[in-house]
Amino acid sequence: MAAFALHATDGEARLGTLALAHGSVATPCFMPVGTAATVKGLTPHELREADAQMLLANTYHLWLRPGRDVIERAGGLHRFMGWDGPILTDSGGFQVFSLESRRTLDDDGVTFRSHLDGSEHRFTPENVVAFGEAIGVDVAMVLDVCVKLPASRDDLDESVRLTTLWARRSIAAARSSQTALFGIVQGGLDRDLRERSARKLVELDFPGYAIGGLSVGETRDEMYAMARACAQMLPREKPRYLMGVGTVRDVIEAVDCGIDMFDCVYPTRCGRNGRAMTRSGEFNIFNAAYVDDFAPLDPSCSCTVCRTFSRAYLAHLFRSKEMLGPRLLSYHNVYVLNDLLRDARTAIAAGTWKILRLRSLRSLRSG
């Protein structure tokens, strides 16, 4: 079940609603990453407070631990993790890239050696779809092949070939009306390969499309240019998802490229390591200047953390190795991106997106 309604555009920027089995999502939206059925350090209630609408979990990690049987006995992934909103699962395709030394690829699928205990696991397009349907997710990404950039034409061509082959098999394996499958466009920075990948996937008529294989070694300008090109290759009436993007600048530019959905571990990883995100830039809370700075993390931010605590208090928590510090900073960082996208949706509806984009980028340059 997935239905996308496009309500307004301003240039390439788009305002829409994605209706899924567990609720509707206003787009453009950011999905915090809950790899192992948890967004690190944050409860479902806190994520709702921080305006998160949809979460991402990871098939590879959930497959290994706790496993499909446990999640099914719990009543599905939503009940297991206590989140009642939409959930998207990555397919394990990113692990094809990140765990290259632990996997073997062939036409039928990919064999992984677990990073936990070395045990062998076989992923195919069919069993990845079955896993997502069994645990009841709203969107399941098809199994794909992601290649680190820069890459040879031969490697990119093979990535597109396998990703297309597996996409066809994934569509054929789908059984549940509650879990929507999204295809993934590959091809690196090669526009011809991207066009071939997009054309083949669009022929399969997926309910949504992701742009994969970016934010994996290319420059920011290269990523923005290819994201914009890929967006124009995809159907106007279907949601577009740029995988692995989560800085303030990247989100602003990606919205301007016509992208509707984003995910990244960046906000919570920064939060755990003392890096605060703001609309005017980022800073490290370990800096000595913040030890007796009693201003909020970001005076322009209205999140609970900024309304309640000072930079000095956050600096104290991190220096004291108190677990509250990473939790508060993760909350703030997730809120910053969600707040930015809430403003983006308002601006697109009002026809003022270009003004907001320029003002936001100037603020980042001066921050």
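The following paragraphs examine the structure supplied in this document. On a predicted model such as this, the values are computed, not experimentally measured, just so you know. (Residues numbered from 1 in each chain as written. Predicted model: local features only at pLDDT ≥ 70, side-chain atom pairs only at ≥ 80, totals over all residues. Heavy atoms only, no water.)

### Focus: the overall build of the protein
Reasoning step 1: The helix and strand inventory of the protein stands at 15 helices and 16 strands.
Reasoning step 2: Relative to a compact globule of 367 residues, whose C-alpha radius of gyration would be 21 Å, the protein shows 20 Å and is just as compact.
Reasoning step 3: Across its three principal axes, the protein shows a C-alpha extent of roughly 60 × 45 × 40 Å.
Reasoning step 4: The proportion of buried residues among the 367 residues of the protein is 56%.
Reasoning step 5: A separation of at least 24 residues holds for 67% of the contacts in the protein among residues at least 6 apart in sequence.
Reasoning step 6: Accessible surface for the protein amounts to roughly 14,900 Å². Of this, 50% is attributable to carbon and sulfur atoms. (Helix = DSSP H or I, 4+ residues; strand = E, 2+ residues; numbered from the N terminus. Rg over C-alpha atoms; globule rule 2.2 N^0.38 Å. Buried < 20%, exposed > 50% of the residue type's maximum accessible area, 1.4 Å probe, protein only. Contact = heavy atoms within 4.5 Å. Areas by Shrake-Rupley, 256 points an atom, 1.4 Å probe, with all protein chains shown as cover.)

### What to know about the pairing of strand 4 (residues 29–32)
Reasoning step 1: Of the two faces of strand 4, the one lined by Cys29 and Met31 and the one lined by Phe30 and Pro32 are each fully buried.
Reasoning step 2: With 4 bridges joining them, strand 4 and strand 14 (residues 261–264) adopt parallel strand pairing. Residue Phe30 lies in a different strand from strand 14, and its bridge partner there is Phe262. (Pairing = 2+ DSSP bridges.)

### Some thoughts on the packing of helix 13 (residues 311–319) against helix 14 (residues 324–350)
Reasoning step 1: Relative orientation of the contacting elements helix 13 and helix 14 amounts to 135°, with a least axis distance of 8 Å. Relative to helix 14, the element helix 13 is oriented oblique. Residues Tyr313, Leu314, Leu317 and Phe318 of helix 13 touch helix 14, and the partners they reach there are Leu324, Gly325, Pro326, Leu328 and Leu329.
Reasoning step 2: Across the contact of helix 13 with helix 14, the residue classes break down as 8 nonpolar, 1 polar and no charged. (Axes fitted to C-alpha atoms, helices over the stretch in contact; angles between N-to-C directions. Parallel < 35°, antiparallel > 145°, perpendicular 65-115°, else oblique. Nonpolar A, V, L, I, M, F, W, Y, C, P; charged D, E, K, R; others polar.)

### Details of the packing of aromatic side chains
Reasoning step 1: Evaluated as defined, the whole model comprises 9 aromatic pairs.
Reasoning step 2: Ring plane angle 80° and centroid distance 6.0 Å describe the contact between Phe206 and Tyr209, whose orientation is recorded as edge-to-face.
Reasoning step 3: Put simply, the rings of Tyr60, Trp63, Phe112, Phe123 and Phe131 pair up and form one aromatic cluster.
Reasoning step 4: The residue whose ring lies beneath Arg48 is Trp83, and the NZ or CZ to ring-centre distance is 4.3 Å. (Phe/Tyr/Trp six-rings, centres within 6.5 Å; stacked < 30°, edge-to-face > 60°. Lys NZ or Arg CZ within 6 Å of the ring centre and 35° of its normal.)

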